[in-house]
Amino acid sequence: MKTFPEKSIGLCLSGGGFRASLYHLGVLRYLAETGQLGNVGAISSVSGGSIIAAYLALRWDVLRENDFSLDSFMDEVYNPFIEWVTSANFRNRWLVLCLLTTPLLLWPNFTWSILWSKLFDRWFYGNKQLTTHDLPDDLDMVFNTTNLASAQGFRIARGYFGDDKGYFTAPADRTRAVRVADAVTASAAHLPLAINFANDTSLWFMDGGVYDNTGLDWYLNANQRPRPDGLKQPEFLVVSDASPELLEWNWAGRRFVPVYRMVGILGRISDILQEQTRRTRKDRFIERIRGGLSVGIMISIDVVASHLRELQRSDAKDELEAIALPEAVVERVRATRTDLNHFLDSEATLLAYHGYSLAHVYLTMFHQGVRIGDRLPYVDGAPAWKLDLSPAAVARYMDQLANSHRFLDRRRRWF
């Protein structure tokens, strides 16, 4: 049996709004159940992945004190995060604040991104900072965004920040502390925003998904580009990918009139470019696994477990299919909107369960001959969490997810 040392797991948490955050939450829950969460030594995150990665990191010390137990993870991370995103509407609260503060746009140093960051602090991060010990010492956190000036991936962490041209600035060079909420805001920015990180120079960022929506690039190119000293290079990589689908853009079921339709076409070009970069990195990672250069799994939200050829050849085929979501439900789950608005309880549960069950399927199929530390990376037998997947329950899920992809839904909280 092949054995990897402790702290050898690296996570890539993709972008995709709260949809991605909830999907990744299920993968993290599975790692906690298998006793492997404490073996995570590095996280590379983008956009929605950065939201949950920072939330996890700020509770890491408490989790460590409780030996990264499943109960501790549920109490400190899973249940509180689910409560936040299913009890109020983050996006609409931000929009209301934008309307109330419109006159402040006349002030040169004010942008609406400040409100975004303030809301992140109020909901999730409590004004914690990257330059203090608010983030754990034994966990490398890399928040990925896109630098519009250099057209490069830009990395923000506690000990450094910089872009892929190899220029990384140490904390001592900063003129002010960088808050965790600032880093997450830069990673999840759907519109350009200016944050003064260092030397009184405004750096403009676009969503990290524009350059790399999987977070894989930081690990794949580790030996080809200058990087700060002392960073961990994970030996076992878990890529959780909930990247946005290429879906028809419409408003309230109607197509745009021509002038707005042109805006939609420009948006589609951006989507196509993101999909191209995502596919390129995914294919490269899979090739590295097949060539023995990397060890790990890629858990994509669009995967239907029963369609996997490896599962059909597995001795545990029936057991694995029994815990995975059926194709019809996966089709609805993968079409959930990538937004920061109010999520229904059913949406949050099914997104998390999909990530959780696929993590079990992939690790069971591909890594039964692997041990990380003194534990197996998978549950030997049926996992603890099992949703009701009877025909009646599936029909109920289908009805609950019927409008998951829509921007407007009367069932959602508006504030």
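None of these values were measured; they are calculated from a predicted model. (Residues numbered from 1 in each chain as written. Predicted model: local features only at pLDDT ≥ 70, side-chain atom pairs only at ≥ 80, totals over all residues. Heavy atoms only, no water.)

Caption draft 1: The nonpolar core, seen in detail. Among the nonpolar cores identified, the biggest contains 107 residues, and Leu37, Phe73, Phe120 and Tyr125 are the most heavily contacted of them. Sort the elements by how many residues they give to this core and helix H14 (residues 345-366) lands first, with twelve residues. (Core = buried A, V, L, I, M, F, W, Y, C linked by side-chain atoms within 4.5 Å. Buried < 20%, exposed > 50% of the residue type's maximum accessible area, 1.4 Å probe, protein only. Helix = DSSP H or I, 4+ residues; strand = E, 2+ residues; numbered from the N terminus.)

Caption draft 2: Looking closely at the packing of aromatic side chains. Counted by the stated rule, this structure contains 29 aromatic pairs. Ring centres 5.3 Å apart and planes at 20° place the aromatic pair Phe81 and Phe124 in the stacked group. Placement of the pair is Phe81 in helix H4 (residues 70-87) and Phe124 in helix H6 (residues 112-125), with a sequence separation of 43 residues. On the basis of relative accessibility, which here comes to 0%, the residue Phe81 falls in the buried class. A relative accessible area of 4% places Phe124 in the buried class. Judged by centre distance (6.4 Å) and plane angle (35°), the ring pair of Phe120 and Phe124 falls under tilted. Taken as a pair, Phe120 and Phe124 lie in helix H6 at a separation of four residues, close to a single helical turn. Grouped by ring-pair contacts, the aromatic residues Phe18, Tyr55, Phe81, Trp84, Phe90, Trp94, Trp116, Phe120, Trp123, Phe124, Tyr125 and Phe343 constitute a single cluster. (Phe/Tyr/Trp six-rings, centres within 6.5 Å; stacked < 30°, edge-to-face > 60°.)

Caption draft 3: Region of the structure containing the environment of Cys98. Mapped onto the elements of the fold, Cys98 is located in helix H5 (residues 90-100). Relative accessible area serves as the criterion here: at 5%, Cys98 is assigned to the buried category. Counting along the chain gives 15 residues from Cys98 to Ser113, while the straight-line C-alpha distance between them is 9.4 Å. Once you skip the residues sitting within four places of it in the chain, Cys98 turns out to touch Trp112 and Leu115. (Contact = heavy atoms within 4.5 Å.)

Caption draft 4: Quick peek at the pattern of salt bridges. Within this structure, the stated rule accounts for 13 salt bridges. For Arg179, the salt bridge is made with Asp182, and the minimal N-O distance between the two is 3.1 Å. Grouping residues by exposure puts Arg179 and Asp182 together as buried. (Salt bridge = Lys/Arg side-chain N within 4 Å of Asp/Glu carboxyl O.)

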